[in-house]
Every structure is written in structure tokens, then in C-alpha cells.
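Residue-level structural notes
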Amino acid sequence: MNGAAGPTPGTEEAAAQLIEDARRLFAGPIAFLKSAPSLQFLPDPAAPEVAFAGRSNVGKSSLLNALTNRNGLARTSNTPGRTQELNFFDVGEPLRLRLVDMPGYGFAKAPKDIVRKWRFLVNDYLRGRAVLKRALVLIDSRHGIKDVDREVMKMLDEAAVSYRLVLTKADKIKATELTAVTERTAAEARTHVAAHPEILATSSETGLGIAELRAAVLEAVL
């Protein structure tokens, strides 16, 4: 490709261009496609996919709604662990990529058979989905990485799925605390073979980091 066609990768200009391209993409058509309670219901692999994983109370639905600038795209619930399906959303027209809302994990009150079903569904999807380009693992900035998060990170490492850690609810803690938890999270990410080294801090309430998150989603499928 001719180098004059666009900004040089890795430069501030390129980063700004990626943010603008992502803004335009997510301002366009986005639609719920389907829910898949098991692998036989997965949609045809017609587009690259970026999956969102996180504990059941990490604010995943709120972040997805902020990411897409749509209040009701992902359903929020006061009942942790309610959604036990893979939810697929088409982004762009023509189709550019799919967002995959994975069922929340780490809910203490769920029956063991539900937890087991979650593990099989997620593990099989991660290992067998060729169009899955990246997973975004959401971490509550108030608590940092927990053991249940480490289990999912290990699962992603073993499946050789590239993933990135995203801090949520960054508006709920002081700036100094956010800096500290970001540094701790980055240090732990560096010990995992499939983890992206850079951490994103976000808030669905204030919009902090949302533009950068959109850019990270787009960058994952380029």
C-alpha cells in the first residue's frame, strides 16, 4: 500500500484518525442480530468479531450501550447472571464487524449447572471461532482483577485469543486510585501471553475512555 494513503501507523495523527473512523462507524447502523444459547445457534462467520467478557456486575451492558451510543442496545439487569447466552450485534452497513456480549461470570448465587453451562459455552466459543479477533475483559476499577477474572484470562491465554483489559466505573474512584489500579492491572497483564499490554480506563456515566474503546474495537478488526 502506498504510504501516502494515510497517516503513519503509531503516530498521534494515526491514533486521531482511528478514533474518528471509529466514531463514524459507531454513529452508523448497529442492530441486534441474535442470541445463541449453544454453539449450534451461532451466526454464520460473516464478519470479524470482538467479544466482551466480564463479571456479572461489572457494568458490561452499560458500557456496550455507551460504546454504541444507544441506551437500550444491551439489556441491563439487576439480577446478576441473568443472561446465559452469546448475544451478537451487527455493526455497520455494509457489515464491518460484530460485537459479542458474552454472559457474565462470577455470580455467587447461580446454580452449579448454570456455571458449568457458561464455562462450556464460552470455552467452546473462544476455542472454535475463527472470526473472533479480540476479547475485551472488563474489570471493575474499584476492585481490580479478581480470581474469577484470572480464570477467564487463563482461558483466553490457553485458547490463544488476543484480549485487552478494560477498567469500568472509573468515575467511582479518585484519580490517584485509578492510576494505581491501572498500573497494577497493566503489570498483571504483562504476565499473560495473550493480553494486550495497554489498559483502557472507562466510564459509561461520564464517557471517559469511550472514544478510545471504540478505536480499540475497530483496530482489533483491521
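Described below are features of the structure shown in this document. (Residues numbered from 1 in each chain as written. Predicted model: local features only at pLDDT ≥ 70, side-chain atom pairs only at ≥ 80, totals over all residues. Heavy atoms only, no water.)

1. Points about the side chain of His-192
In this fold, His-192 is placed in the loop between α5 (175–189) and β7 (200–201). Side-chain polar atoms of His-192 contact the side chain of Asp-157, separated by 2.7 Å. His-192 has contacts with Met-153, Asp-157 and Tyr-163, leaving out every residue within four places of it along the chain. (Helix = DSSP H or I, 4+ residues; strand = E, 2+ residues; numbered from the N terminus. Polar contact = N/O pair within 3.5 Å; in protein donor to acceptor, adjacent residues only side chain to side chain. Contact = heavy atoms within 4.5 Å.)

2. Quick look at the environment of Arg-129
Turning to its location among the elements, Arg-129 is positioned in the loop between α3 (112–128) and β5 (132–140). The class for Arg-129 is buried, based on a relative accessible area of 11%. In this structure the C-alpha to C-alpha distance between Arg-129 and Glu-49, which are 80 residues apart in sequence, comes to 8.9 Å. Other than its neighbours up to four places away in sequence, Arg-129 contacts Leu-42, Pro-43, Asp-44, Pro-45, Glu-49 and Phe-88. (Buried < 20%, exposed > 50% of the residue type's maximum accessible area, 1.4 Å probe, protein only.)

3. A word on the sheet that holds strand β3 (residues 86–91)
With respect to topology, seven strands assemble into an open sheet ordered β1-β3-β4-β2-β5-β6-β7, the strand pairing being mixed. Looking at strand neighbours, the two that pair on one side only are β1 (30–36) and β7, the edges of this open sheet. Note: strand β2 (residues 49–54) against strand β4 (residues 97–101), four bridges, orientation parallel. Within β4, the residue paired with Ala-51 across the bridge is Val-100. (Pairing = 2+ DSSP bridges.)

4. Some words on the packing of aromatic side chains
Summed over the entire model, instances satisfying the criterion amount to three aromatic pairs. Between Phe-32 and Phe-89, the ring centres sit 5.6 Å apart and the planes meet at 65°, which makes this aromatic pair edge-to-face. Remark: Phe-89 occurs in strand β3 and Phe-32 occurs in strand β1; sequence separation between them is 57 residues. In this structure Phe-89 comes out as buried when scored by relative accessible area, which is 3%. Relative to Tyr-125, the ring of Phe-88 lies with its centre 6.4 Å away and its plane at 80°, an arrangement referred to as edge-to-face. Taken together, the residues Phe-88 in strand β3 and Tyr-125 in helix α3 connect sequence positions 37 residues apart. On the accessibility criterion, Tyr-125 (1% relative accessible area) is buried. (Phe/Tyr/Trp six-rings, centres within 6.5 Å; stacked < 30°, edge-to-face > 60°.)

5. Focus: the nonpolar core
Leu-86, Met-102, Tyr-125, Leu-126, Leu-156, Tyr-163 and Leu-165 are the most contacted members of the largest nonpolar core, which has 37 residues in total. Looking at this core, the elements with two or more residues in it are β2, β3, α3, β5, α4 (147–159), β6 (163–168) and α5. Ignoring any residue separated from it by four or fewer positions in sequence, one finds Leu-86 in contact with Lys-34, Ser-35, Ala-36, Leu-42, Val-100, Asp-101, Met-102, Pro-103, Leu-121 and Tyr-125. Grouped together as the second largest cluster of nonpolar side chains are 30 residues, Phe-26, Val-50, Ala-74 and Val-217 included. (Core = buried A, V, L, I, M, F, W, Y, C linked by side-chain atoms within 4.5 Å.)

6. Re unusual backbone geometry
Omega for the bond connecting Glu-93 with Pro-94 falls within 30 degrees of zero, at 5°, which places this linkage in the cis form. Summarising the element assignment, Pro-94 is placed in the loop between β3 and β4. Unlike most non-glycine residues, Asn-69 shows phi in positive territory, near 55°. By the element assignment, Asn-69 lies in the loop between α2 (60–68) and β3. The phi angle at Lys-169 is positive, at roughly 55°, despite the residue not being glycine. Note that Lys-169 resides in the loop between β6 and α5.

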